[in-house]
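Residue-level listing of the chains:
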Amino acid sequence: TESVHPHQQASNLWTSKMAFILAAAGSAVGLGNIWKFPYITGENGGGAFVLVYLACIFLIGVPVLIAEIMLGRRGGQSPIATMRTLTKAEGTSKGWRIIGWNGVVASFLVLSFYAVIGGWALVYIGKAAIGMFVGADAEAIGGQFNNLLANPWELLLWHTVFMAIVVFIVGRGIRSGLEKAVNMLMPLLFLLLIVMVFYAMGSGSFGRAVSFMFSPDFSRLTTEGVLVALGHAAFTLSIGIGVLMAYGSYLPKNINIAKTAMTIAVLDTSVALLAGLAIFPLVFANGLEAGAGPGLIFVTLPLAFGQMGGGIVFGTIFFALLLVAAITSAISMLEPVVEWLEEHKGVTRVKSAVAGGFAVWFIGIGTVLSFNLWGDVHPLGFIGFFEGKTVFDLLDFLVSNLMMPLGGLAIALFAGWIIRREGLAKDIGLEGGAFKTFMVVLKFITPAGIAVVFLYNLI
Ligand code: PHE
Ligand code: NA
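Per an unreviewed UniProt entry, the recorded name for the protein is Transporter, and the organism is Marinobacter salexigens. The UniProt entry for the protein carries the following comment under Sequence similarities (unreviewed entry): "Belongs to the sodium:neurotransmitter symporter (SNF) (TC 2.A.22) family."

> Looking at this structure, how should I read the overall build of the protein?
The number of helices and strands found in the protein is 18 helices and 0 strands. The C-alpha atoms of the protein give 21 Å as radius of gyration, which agrees with the globular expectation for 459 residues (23 Å, within 12%). Considering only C-alpha atoms, the protein reaches an extent of 70 × 50 × 50 Å along its principal axes. With 459 residues in all, the protein has 53% of them scored as buried. Of the contacts formed within the protein by residues at least 6 apart in sequence, a portion of 83% connects residues at least 24 apart.

> Any chance you could explain the site of ligand 1 here in plain terms?
In the neighbourhood of ligand 1, 16 residues make up the surrounding shell, with G30, G32, T236, S238 and S329 lying closest. Only helix 1 (17–28), helix 2 (31–43), helix 5 (98–129), helix 10 (223–236) and helix 14 (311–342) provide two or more residues apiece to the shell around ligand 1. Split by residue class, the shell around ligand 1 holds 7 nonpolar, 9 polar and no charged.

> Please explain the packing of helix 3 (residues 47–75) against helix 4 (residues 79–90) as it appears in this structure.
Relative orientation and spacing of two packed helices are given, respectively, by the angle between their axes and the distance between those axes. Helix 4 packs onto helix 3 with a crossing angle of 80° between their chain directions and a minimal axis gap of 8 Å. Comparing the axis directions of helix 3 and helix 4 gives the class roughly perpendicular. Residues L71, G72, R74 and G75 of helix 3 touch helix 4, and the partners they reach there are A81, T82, M83, T85 and L86. Residue classes in the contact of helix 3 with helix 4 are distributed as 4 nonpolar, 4 polar and 1 charged.

> Would you take a moment to explain the nonpolar core for this structure?
Side chains that are nonpolar tend, in soluble globular proteins, to be buried together. Core analysis: the biggest nonpolar cluster contains 164 residues, and L65, V166, L321 and L334 have the highest contact counts within it. Ranked by residue count, the leading element in this core is helix 14, at 19 residues. With residues near it in sequence (within four places) discarded, L321 still touches I34, L189, L192, L193 and M196.

> Teacher, can you tell me more about the packing of helix 10 against helix 16 (residues 391–418) here?
At a closest axis distance of 10 Å, the pairing of helix 10 and helix 16 adopts a crossing angle of 75°. Of the possible angle classes, the one that applies to helix 10 and helix 16 is roughly perpendicular. Within the contact between the two elements, helix 10 uses G231, A234 and F235 and helix 16 uses S400, M404, P405 and G408. The class makeup of the residues in the contact of helix 10 with helix 16 is 4 nonpolar, 3 polar and no charged.

Rules used in this analysis
Residues numbered from 1 in each chain as written. Chains lettered and ligands numbered in written order. Predicted model: local features only at pLDDT ≥ 70, side-chain atom pairs only at ≥ 80, totals over all residues. UniProt positions renumbered as here; feature names shortened; annotations may be inferred. Helix = DSSP H or I, 4+ residues; strand = E, 2+ residues; numbered from the N terminus. Rg over C-alpha atoms; globule rule 2.2 N^0.38 Å. Buried ≥ 20, exposed ≤ 12 C-beta atoms within 10 Å, placed from the backbone. Contact = placed C-beta atoms within 7 Å. Near = placed C-beta within 6 Å. Nonpolar A, V, L, I, M, F, W, Y, C, P; charged D, E, K, R; others polar. Axes fitted to C-alpha atoms, helices over the stretch in contact; angles between N-to-C directions. Parallel < 35°, antiparallel > 145°, perpendicular 65-115°, else oblique. Core = buried A, V, L, I, M, F, W, Y, C linked by C-beta atoms within 7 Å.

Following this line, the structure appears as structure tokens:
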């Protein structure tokens, strides 16, 4: 007597388990892996930080990943409609529907600034390819980056190009848009990454990079580092933001969610570690700083490419890799918004993608301007806590530190405490002791972990 929700109709489903894994891994693998993971590892001293990060991925990240995909498949609609259906089915408070709204709004907002940074990747492919880093010194390369940020028209142009690509793919739908894109882009991503790791192996500092990343020195790990690791675990897996719920809504019933989620987490983690192994050897080989912060790949790395043989080719490959990773994540961020728009009468997939994409693009202008003309505009600056934060800083803070962790927390609580237990083990694809252990982690450890980071980030 179970009714079939729209996305669960046979002709709408992902065509294979592989297609879903590539799409979800495509969402997970993004700027977070190639830009953020290496620089926060660098800032937090390497090995010990990596160990804590791995623990966070598997204790906090994977349980939410499983729960979110499960909720999405049960609801079979946009995150908003899915949560409406599920709260009704469980006869529980309407308050939990906030999970759906939070997801659609957060993924909308995150895309608005993610697309601007995706635009930087486009610019840097060009810079690398025409040899702009060759022989340039630190000052010149830092200048190139600052000049880009100072130019609103250039940022806007590439933000627009990036969003147009995203809208084009998402507008074509799950099977002919997203699936086709990830089938092509994900193998390309792995190929480019492997090429970069081999290039790094020849730099002469590979061993140093390996020991930097894998020999834990706990004296270099701070409390702050632990919390950064935890926060990043959520961001890197794309959890708590409705994206996996949206992708899960098209997941065939016979696919084992627990195993699939593990595969996604392992892929995401491997890419982050390989990205470190591609980047740090180049940094060390050229006597540069691993703890350079956010400028690591836009300033430090171009400097390295500019000094090395093959720097033009491999620099171009590196930024192409960054672009591919950013696109496969960005399409997942537009998906919840588009699914929700599509649920309105007479609104087609194409119209939803264009309208949703346009709105995201428009809000993204705030981020474009916050690096230049609005550099001194601090919208909530009168509240001491937000002092000095630009529009971009605020959006990033709102999504990464509030909406994603709170969304993840709510999902863990809803799946752990509210959803009826019967049928749950089968739905997730775990049995006996494994299921019991999973539930204990989901009910207690995951929420406690998220709550700690959340409170810390607030203070
Ligand atoms: N997981 C992506 C990354 O690591 C970012 C992302 C966040 C994607 C939220 C989708 C939703 O870059
Ligand atoms: Na990631």
